[in-house]
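So you can see what is in the structure, the chains are spelled out below.
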Amino acid sequence: MHGGVKKDDLKKENIQALKKGLPNLERHINNIKKFGLEVTVAINHFITDTDKEVKIIEEHCSKLGVKANLCMHWAKGGNGIKELANHVVELCKKAKKENFKFLYSNNDDLWKKIEIIAKEMYGASELVADTKIRDQLRKLQEGGFGKLPICVAKTQYSFSTDPNLKGAPTGHVLPIREIRLSSGAEFIVVICGAIMTMPGLPRVPAANSIKLNDKGDIEGLF
């Protein structure tokens, strides 16, 4: 999809689109590395995925110094994901605590924390908000909440707030729509773009797809 293929066409092999979409995966990998963490990639295998497609992902990850694990838990259950589990254990054993670092300091003001996330994680060039939002952040800062971490709520389909902007976009603007204080959980929620926060329930409940087949087995669970 990050290579420009529509959801309905994902079942067809498309090597060019896959290669075009790899920068999205690469940015996710680089983002994790910014915290000083070890990285591994799980390829969530679908029955329509081809060997060529899997190989391209594996080779690209190898060039980045990251192992890609083919995960077939959908078809094989726990046995289909052993390789990933074992690799995670290996990474945890060799990980060094002193390598871990946060993206920003607790002492950074709230605006700077959000700006760092926008530029470092999302590739944005600018963070924008109207006077009301800026005043709200200032009041939270003055009210003793300035040391709290930031939780950004935005579309999961893009690094930007535009779900149609695929790949690894840069130079876009991150607009803040709303600020919420979660004082109990101790973080600041920054809502960007047109995103619905929890609870977000589907129009058709999952229960509609759950049934017993002729053998008495349950189908439709996920």
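Just so it is clear, the structure is predicted and the values come from calculations on it, not from any experiment.

*Asks:* So what's going on with the nonpolar core? Residues and values would help.
*Replies:* Ranked by size, the top nonpolar core spans 25 residues in total, and within it Ile 150, Ile 176, Ile 179, Ile 188 and Val 190 carry the most contacts. For this core, the element with the highest residue contribution is helix 5 (residues 110-120), accounting for six residues. Ignoring sequence-local partners within four residues, the contact set of Ile 176 consists of Trp 111, Ile 114, Leu 127, Val 128, Ala 129, Ile 133, Val 190, Ile 191 and Cys 192. Judged by nonpolar contacts, the second largest core, of 11 residues, contains Ile 29, Ile 43, Ile 57 and Val 66.

*Asks:* So what's going on with the packing of helix 5 against helix 6 (residues 131-145)? Residues and values would help.
*Replies:* At a closest axis distance of 9 Å, the pairing of helix 5 and helix 6 adopts a crossing angle of 120 degrees. Regarding the angle of helix 5 to helix 6, the classification is oblique. Counted together, Leu 110, Trp 111 and Ile 114 of helix 5 and Arg 134, Leu 137, Leu 140, Gln 141 and Phe 145 of helix 6 form the full contact between these two elements. Class assignment for the residues of the contact of helix 5 with helix 6 results in six nonpolar, one polar and one charged.

*Asks:* Can you break down helix 5 residue by residue, with the values?
*Replies:* Because the α-helix completes a turn every 3.6 residues, residues three or four places apart line up on one side. Along helix 5, the positions that sit buried rather than exposed are Leu 110, Trp 111, Lys 113, Ile 114, Ile 116, Ile 117 and Ala 118. The backbone nitrogen of Trp 111 has a side-chain oxygen 3.2 Å away, supplied by the residue at the start of helix 5, namely Asp 109.

*Asks:* Which residues make up the environment of Lys 211, and what values go with them?
*Replies:* Turning to its location among the elements, Lys 211 is positioned in strand 7 (residues 211-212). In contact with Lys 211, not counting residues within four places along its chain, are Asp 217, Ile 218 and Glu 219.

*Asks:* Explain the sheet that holds strand 3 (residues 126-128) to me, and be specific about the residues and the numbers.
*Replies:* The sheet built from four strands is open, its strands ordered 3-5-6-4 with mixed pairing. Across the chains shown, the open sheet's two edge strands, defined by having one partner strand only, are strand 3 and strand 4 (150-153). Put simply, the sheet's adjacent strands are angled 40 degrees from each other on average, direction ignored. The sheet contact formed by strand 4 and strand 6 (residues 187-192) spans four bridges and is parallel. Within strand 6, the position partnered with Val 152 by the bridge is Val 190. Sheet strands touched by helix 6: strand 3, strand 5 (173-182) and strand 6. Its angle to strand 5, the strand with the most contacts, is close to 40 degrees.

*Asks:* An account of the pattern of salt bridges is requested, with residue identities and associated values reported.
*Replies:* Applying the stated criterion to the full structure yields 10 salt bridges. Note that Glu 120 and Lys 34 form a salt bridge whose closest N and O atoms lie 3.1 Å from each other. Highlighted residues: Glu 120 in helix 5 and Lys 34 in the loop between helix 1 (15-33) and strand 1 (40-44), separated in sequence by 86 residues. By relative accessible area, which is 36% here, Glu 120 ends up partly exposed. For Lys 55, the salt bridge is made with Glu 59, and the minimal N-O distance between the two is 4.0 Å. Of this pair, Lys 55 and Glu 59 both sit in helix 2 (residues 51-63), separated by four residues, roughly a single helical turn.

Conventions used here
Residues numbered from 1 in each chain as written. Predicted model: local features only at pLDDT ≥ 70, side-chain atom pairs only at ≥ 80, totals over all residues. Heavy atoms only, no water. Core = buried A, V, L, I, M, F, W, Y, C linked by side-chain atoms within 4.5 Å. Buried < 20%, exposed > 50% of the residue type's maximum accessible area, 1.4 Å probe, protein only. Helix = DSSP H or I, 4+ residues; strand = E, 2+ residues; numbered from the N terminus. Contact = heavy atoms within 4.5 Å. Axes fitted to C-alpha atoms, helices over the stretch in contact; angles between N-to-C directions. Parallel < 35°, antiparallel > 145°, perpendicular 65-115°, else oblique. Nonpolar A, V, L, I, M, F, W, Y, C, P; charged D, E, K, R; others polar. Polar contact = N/O pair within 3.5 Å; in protein donor to acceptor, adjacent residues only side chain to side chain. Pairing = 2+ DSSP bridges. Salt bridge = Lys/Arg side-chain N within 4 Å of Asp/Glu carboxyl O.

Everything listed here is a matter of geometry and, on its own, says nothing about what the molecule does.
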